[in-house]
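Coordinates in review
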Amino acid sequence: MTGLSREALLHEGVLAKFLRYVQVDSPSSESSPSVPSTPQQWEMARLLAGELAALGLPEVELTDHGIVLGLLPGDAPATVGLLAHYDTFPGVPGVGVRPLVHRCYDGRPLPLPAGPVLDPAEQPALREAVGLDLVTSDGSTLLGADDKAGVAEIMEALCRLLRHPYRPRPSVRVAFTPDEETGRGIAHLDLERFRCDAAYTVDGSGPGELSGENFDALNVVVTLQGRSAHTGSARGRMVNALHMAAELLCSIPATMRPETTDGYEGFLHPDRLEGSVESCRVRLLLRDFTPEGLQRRRALLEQLLVSLRQRYPGSETQLEVVGGY
């Protein structure tokens, strides 16, 4: 439950909401099969359900899979849906977020207390924030704006509608979902319970951006199993999984990477690598705009693994799908 009263929630503003939400640790995890995949996400889910109830929404539900549903009735016949995910990316530390507000950003390089420097020369999007208030972490953690900014925007939209109850409006259904980063959370959204004439996910980039389509996606983990041996007697015995991983990554066509593709071109993106001589795990993101194109990219990856096993006798490979949409 939230500790804020209805009046406090109605009037605190979107920035205050955002600053509160990012300080609640809620990472997702690919190593857990459950949804939500981490206990921390339940804390965020209960917080949001409590705030919707405190605002007086007549229908508030927290499902068995951590999805927070709410309904704000309107006087128009249409129903509009608003969605955002409250989990954050697990690959960057997110515990102990200390958000900083930089008032009226002047466009110069911005040193953060923990050491990193945000430089418009390297991050051109900063130039669009000149003259605006900018929110960052202290540089030691992620901020969590993906997608707690969307959560805060939706909660603030509800508050503004509640502050002006006599303005004509459609009914608004909201859904806050877990495990977007793994691709598994949205599968548990019951569309019969989330009935809308139109629905929008608030999870974009620049102001005014509206996307009407998205990639099909597969997130996979490839395990490369080698064989360790003493380096003094490794000839003919050692199978180095690190070399296998290096060859696999280098074999991804240069024209099939996110840094070289655009528009409707799909890609195959190595996102994370960990391991040793004996075993390596490579997380890859496969993206395309058609199911057929996505399967072609998976087939290519499987062909690369066959070739790898042939070049490294005694090795083993495994491909596991860990998420997608």
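Description of the structure in this document. (Residues numbered from 1 in each chain as written. Predicted model: local features only at pLDDT ≥ 70, side-chain atom pairs only at ≥ 80, totals over all residues. Heavy atoms only, no water.)

Structural notes on the pairing of strand 12 (residues 279-288)
Along any regular strand the residues' side chains alternate between the sheet's two faces. Keep this limit in mind: Accessibility here uses a 1.4 Å probe with only protein chains present; expressed as a share of the type maximum, an area under 20% marks a residue as buried, one over 50% as exposed, and anything in between as partly exposed. Only DSSP runs of H or I with at least four residues qualify as helices, and only runs of E with at least two residues qualify as strands; both kinds are numbered from the N terminus onward. Criterion used throughout: strands pair if DSSP finds at least two bridges between them.
Within strand 12, eight of the 10 residues are buried, which leaves it mostly tucked inside the rest of the structure. Judged from the 10 bridges that link them, strand 10 (residues 216-225) and strand 12 form a sheet pairing that is antiparallel. In the strand pairing of strand 12, valine 220 is matched with leucine 284. Joining the antiparallel neighbours strand 11 (residues 267-275) and strand 12 is a turn of three residues.

So, the sheet that holds strand 8 (residues 171-177)
Just so we agree on the cut-off: All axes here are fitted lines through C-alpha atoms, helices being fitted over the stretch that makes contact, and every angle between N-to-C directions spans 0 to 180 degrees. Working rule for contacts: check all heavy atoms of both residues, and any pair within 4.5 Å makes them a contact.
Strand order in the open sheet made by the five strands is 1-2-8-3-9, with mixed pairing throughout. Bordering the open sheet on either side are strand 1 (59-62) and strand 9 (198-201), each of which pairs with just one other strand. Ignoring strand direction, the axes of neighbouring strands in this sheet form an average angle of 15°. Relative to strand 8, strand 3 (residues 79-85) is paired through seven bridges, and the arrangement is parallel. The residue of strand 8 that forms the bridge with glycine 81 is arginine 173. Contacts from helix 3 (residues 39-54) reach strand 1, strand 2 (68-72) and strand 8, with the element oriented near 170° to strand 1. Here helix 4 (residues 145-163) sits on the sheet in contact with strand 2, strand 3 and strand 8, set at roughly 145° to strand 3.

A word on the pairing of strand 1
Note that strand 1 and strand 2 share four bridges and pair antiparallel. If you follow glutamate 59 over to strand 2, its bridge partner there is leucine 71.

Some words on the packing of helix 3 against helix 4
So the rule is basically this: To sort the angles, those under 35 degrees are grouped as roughly parallel, those over 145 as roughly antiparallel, those from 65 to 115 as roughly perpendicular, and the leftovers as oblique.
Relative to each other, helix 3 and helix 4 sit at 10°, their axes nearing to 12 Å. Put simply, helix 3 runs roughly parallel to helix 4. Of the residues in helix 4, those in contact with Met44, Leu48, Glu51 and Leu52 of helix 3 are Lys148, Val151, Met155 and Leu158.

Focus: the side chain of serine 29
The criterion, for reference: Any pair of nitrogen or oxygen atoms within 3.5 Å is treated as a polar contact; in protein, a donor-acceptor pairing is required on top of that, and neighbouring residues in sequence qualify only through side-chain atoms on both sides.
With respect to the helices, strands and loops of the structure, serine 29 is situated in the loop between helix 2 (14-22) and helix 3. Within polar-contact distance, the side chain of serine 29 engages the side chain of serine 31 at 2.8 Å. Beyond its immediate sequence surroundings of up to four residues, serine 29 is in contact with Ser37, Thr38, Asp179, Thr182 and Arg184.

Points about the pattern of salt bridges
Definition in use: The rule for a salt bridge is simple: a side-chain nitrogen of Lys or Arg has to be within 4 Å of a carboxyl oxygen of Asp or Glu.
One pass over the full model with this rule turns up 17 salt bridges. Between arginine 20 and glutamate 12 there is a salt bridge; the shortest N-O distance is 2.8 Å. On the basis of relative accessible area, glutamate 12 is assigned to the partly exposed category, the value being 23%. In this structure, lysine 17 and glutamate 156 form a salt bridge, with 3.5 Å as the shortest nitrogen-oxygen distance. You can see lysine 17 sitting in helix 2 and its partner glutamate 156 sitting in helix 4, a full 139 residues away along the chain. One network of salt bridges, in which partners are shared, links Glu12, Lys17, Arg20, Glu51, Glu156, Arg160 and Arg163.

What to know about the packing of aromatic side chains
Stated precisely, the cut-off is as follows: Working definition: rings of Phe, Tyr and Trp (its six-membered ring) pair if their centres are within 6.5 Å, and the pair is stacked with planes under 30 degrees apart, edge-to-face with planes over 60 apart, and tilted otherwise.
Under the counting rule described, the total for this entry stands at three aromatic pairs. Geometrically, the ring pair formed by phenylalanine 215 and phenylalanine 289 is tilted, given 4.6 Å between the ring centres and 40° between the ring planes. Here phenylalanine 289 lies in the loop between strand 12 and helix 6 (291-311) and phenylalanine 215 lies in the loop between strand 9 and strand 10, a separation of 74 residues in the sequence. Judged by centre distance (4.8 Å) and plane angle (65°), the rings of tyrosine 264 and phenylalanine 289 are edge-to-face. Taken together, the positions of tyrosine 264 in the loop between helix 5 (241-251) and strand 11 and phenylalanine 289 in the loop between strand 12 and helix 6 put the pair 25 residues apart, joining distant regions of the chain. With a relative accessible area of 23%, phenylalanine 289 lands in the partly exposed category. By way of ring pairs, the aromatic residues Phe215, Tyr264, Phe267 and Phe289 are connected into one cluster.

A short note on unusual backbone geometry
The omega torsion across valine 35 and proline 36 is -5°, close enough to zero to call that bond cis. Among the secondary structure elements, proline 36 is positioned in the loop between helix 2 and helix 3. Cis geometry marks the peptide bond from aspartate 146 to aspartate 147; its omega dihedral reads 10°. The topology assignment puts aspartate 147 in helix 4. One non-glycine residue with positive phi stands out, namely cysteine 104, at about 50°. Examined against the element boundaries, cysteine 104 turns out to sit in the loop between strand 4 (100-102) and strand 5 (110-111). Classification of cysteine 104 as exposed rests on a relative accessible area of 52%. Although it is not a glycine, aspartate 179 adopts a positive phi angle of roughly 55°. Residue position: aspartate 179 is located in the loop between strand 8 and strand 9.

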